[in-house]
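Residue-level listing of the chains:
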Amino acid sequence: MSVVDLREARDFGANPYPYYAKLRAGGPVHAVRTEEFERIWMIVGYEEARAALADQRFSKEWRTTDLWTVSSNPINANMLEMDAPHHTRLRRLVAREFTARRIEAMRPRVEEITAGLLDAMVPAGSADLIDAFAFPLPMTVICELLGVPGMDRDAFRRLSNAILAPVSPEKEGEAVHAMGAYLVELTEDKRRAPGDDLMSALIQARDDDGDRLSPDELIGIAFLLLVAGHETTVNLISNGVRALLDHPEQLALLRARPELIDGAVEEMLRYDGPVGTATFRFTREPVPVGPVVIPKGEAVLVALGSGDRDPGRYPDPDTFDIRRAAQGHLAFGHGIHFCLGAPLARMEGRIAIAALLERCPGLARDPEGGEPDWLPGLLLRGVRRLPVRW
């Protein structure tokens, strides 16, 4: 099979969807070349992507492969990089504390934080929506949930971006080391002085057999909750607002019918979700995907953004329609690794976008904002800046 060179797609970061469409037209899976890999397999069809996300023949345990030689770090002791039964054990322990009741109890506080950010932002008449709103909202929420309100959030944002959207392996390695050191200190502080927060609860959490999280596992969970708990929601809010501004008729419809906000957020997640591809998987054995057999020991990316634009699943998939029945999209994944924080992200997105439209009736792109600065890499889908005015 020939290898598709995605490095030749210079505008892939700005708009990957035409390239995904060309790939899907040639089949549900392709060998591709990226900046990181001479060859990696990419699954682009919806049904095949959904099946792969739930297929245990695709492993998340990169330590069992010889594809990387990465030094061990406690932040890697997280559920996203584990298979069953280790993943099952960790998820069970975390889910005992990260409950729907705990998330729903945060709704008044999310509304309060949202209102406060808009109070500070609106009088200026213009802003970078990410710096002023889309970043500080989920960052504040997840820090308060975990009990780390005093964090240097700008520094944390730089480290998080360097890990999830790296500009070089060296910068990524430095950020992983710094993040691990910070989280070691955080968990030790929480162990010495527990509070009424999720991190303290996780330190104390035990299942019915007395099992509990190890120190490295706590660091891995803290990393996953802090990073995944804000990065994806930043992009959900900013990508959703960009979609509305690019489709004035849909923006007008949502303003006229604010009760459509729940479905609108689902369509935002489907149309231009916060995550372009799932994190790496590796074949434990030869795995057939459509007419192709991916050999054993190969790295695989599941293109969530491509699956959610598959016309075999969604009619007229390149049309943004907030009245669409977008349920079943892959923005939060599928299977055992389905995003644990999806209910919190949905709540934040609905509250944030509804309040923004209410407070900023003239919301529009700032014509002096310059060209978008897209996040590098295939994992995250979003921009670093979103200049707007109202």
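No experiment lies behind these values; they were computed from the predicted model shown.

S.K.: If you had to explain the overall build of the chain to someone new, which residues and values would you point to?
M.R.: Helix and strand counts for the chain stand at 15 helices and 11 strands. For the C-alpha atoms alone, the extent of the chain along its principal axes is close to 55 × 55 × 40 Å. Going through the 390 residues of the chain one by one, you find that 54% of them count as buried. When the accessible surface of the chain is summed, it comes to about 17,000 Å², and 53% of that surface belongs to carbon and sulfur atoms. The centroid of the 46 positive side-chain charges in the chain is displaced by 2 Å from the centroid of its 58 negative side-chain charges.

S.K.: An account of empty space enclosed by the protein is requested, with residue identities and associated values reported.
M.R.: Summed over all chains, the structure comprises two cavities of 30 Å³ or more. Approximately 170 Å³ is the volume attributed to the largest cavity. Contributing to the lining of the largest cavity are 21 residues, with Pro 16, Gly 276, Leu 378, Leu 380 and Arg 381 lying nearest its centre. Those elements that place two or more of their residues in the lining of the largest cavity are helix 1 (17-25), helix 13 (261-271) and helix 14 (304-307). Tallied by class, residues from the lining of the largest cavity come to 12 nonpolar, six polar and three charged. Taken as a whole, the second largest cavity encloses approximately 50 Å³ of empty space. What lines the second largest cavity is Leu 53, Ala 54, Asp 55, Gln 56, Phe 58, Lys 60, Asp 83, Arg 281, Ile 336 and His 337. Across the lining of the second largest cavity, the residue classes break down as four nonpolar, two polar and four charged.

S.K.: An account of the pairing of strand 2 (residues 29-33) is requested, with residue identities and associated values reported.
M.R.: Two faces, one strand: in a regular strand the side chains alternate between the faces of the sheet. Within strand 2, four of the five residues are buried, which leaves it mostly tucked inside the rest of the structure. For strand 1 (residues 3-5) and strand 2, the ladder comprises three bridges, and the chain directions are parallel. Its bridge partner being in strand 2, Asp 5 is matched across the sheet by Arg 33. Regarding topology, helix 1 serves as the crossover connection from strand 1 to the parallel strand 2, and that connection is right-handed. By the bridge criterion, four bridges tie strand 2 to strand 3 (residues 40-43) in an arrangement that is antiparallel. Opposite Ala 31, over in strand 3, you have Trp 41 as the bridge partner. Taking the residues between adjacent antiparallel strands as the criterion, strand 2 and strand 3 are bridged by six residues.

S.K.: Just give me the short version of the sheet that holds strand 9 (residues 299-302), but keep the residues and values in it.
M.R.: Pairing within the open sheet is mixed, and its six strands lie in the order 1-2-3-9-6-4. The open sheet has two edge strands, strand 1 and strand 4 (58-59), and neither has a second partner.

S.K.: Would you mind going over the environment of Ile 261 in detail, with residue names and values included?
M.R.: Tracing the backbone through its elements, the reader meets Ile 261 in helix 13. Spatially, the C-alpha atom of Ile 261 lies 18 Å from that of Glu 104, the residues being 157 residues apart in sequence. When sequence neighbours within four positions are dropped, the list of residues in contact with Ile 261 reads Leu 254, Arg 350, Ile 353 and Ala 354.

S.K.: How would you summarise helix 1 if you had to cite specific residues and measurements?
M.R.: Buried within helix 1 are the following residues: Tyr 17, Tyr 20, Leu 23 and Arg 24. Buried residues along helix 1 cover an arc of 115° about the axis, so they all sit on one side. Pointing more than 90 degrees away from the buried face of helix 1 are the exposed residues Lys 22 and Ala 25. On its buried face, helix 1 sits against strand 1, strand 2, strand 3, helix 13 and helix 14. Phi turns positive one or two residues past the end of helix 1, at Gly 27, with a value near 135°.

Cut-offs applied
- Residues numbered from 1 in each chain as written.
- Predicted model: local features only at pLDDT ≥ 70, side-chain atom pairs only at ≥ 80, totals over all residues.
- Heavy atoms only, no water.
- Helix = DSSP H or I, 4+ residues; strand = E, 2+ residues; numbered from the N terminus.
- Buried < 20%, exposed > 50% of the residue type's maximum accessible area, 1.4 Å probe, protein only.
- Areas by Shrake-Rupley, 256 points an atom, 1.4 Å probe, with all protein chains shown as cover.
- Lys, Arg positive; Asp, Glu negative; His and termini not counted.
- Charge placed at Lys NZ, Arg CZ, Asp CG, Glu CD.
- 1 Å grid on protein atoms, 1.4 Å probe; cavity = no way out; pocket = protein on both sides within 12 Å on 5 of 7 lines; lining within 4 Å.
- Points joined across faces, edges and corners; volume = space filled by probe spheres on them.
- Nonpolar A, V, L, I, M, F, W, Y, C, P; charged D, E, K, R; others polar.
- Pairing = 2+ DSSP bridges.
- Right-handed = clockwise from strand over helix to strand, strands pointing away.
- Contact = heavy atoms within 4.5 Å.
- Arc of directions from axis to C-beta.

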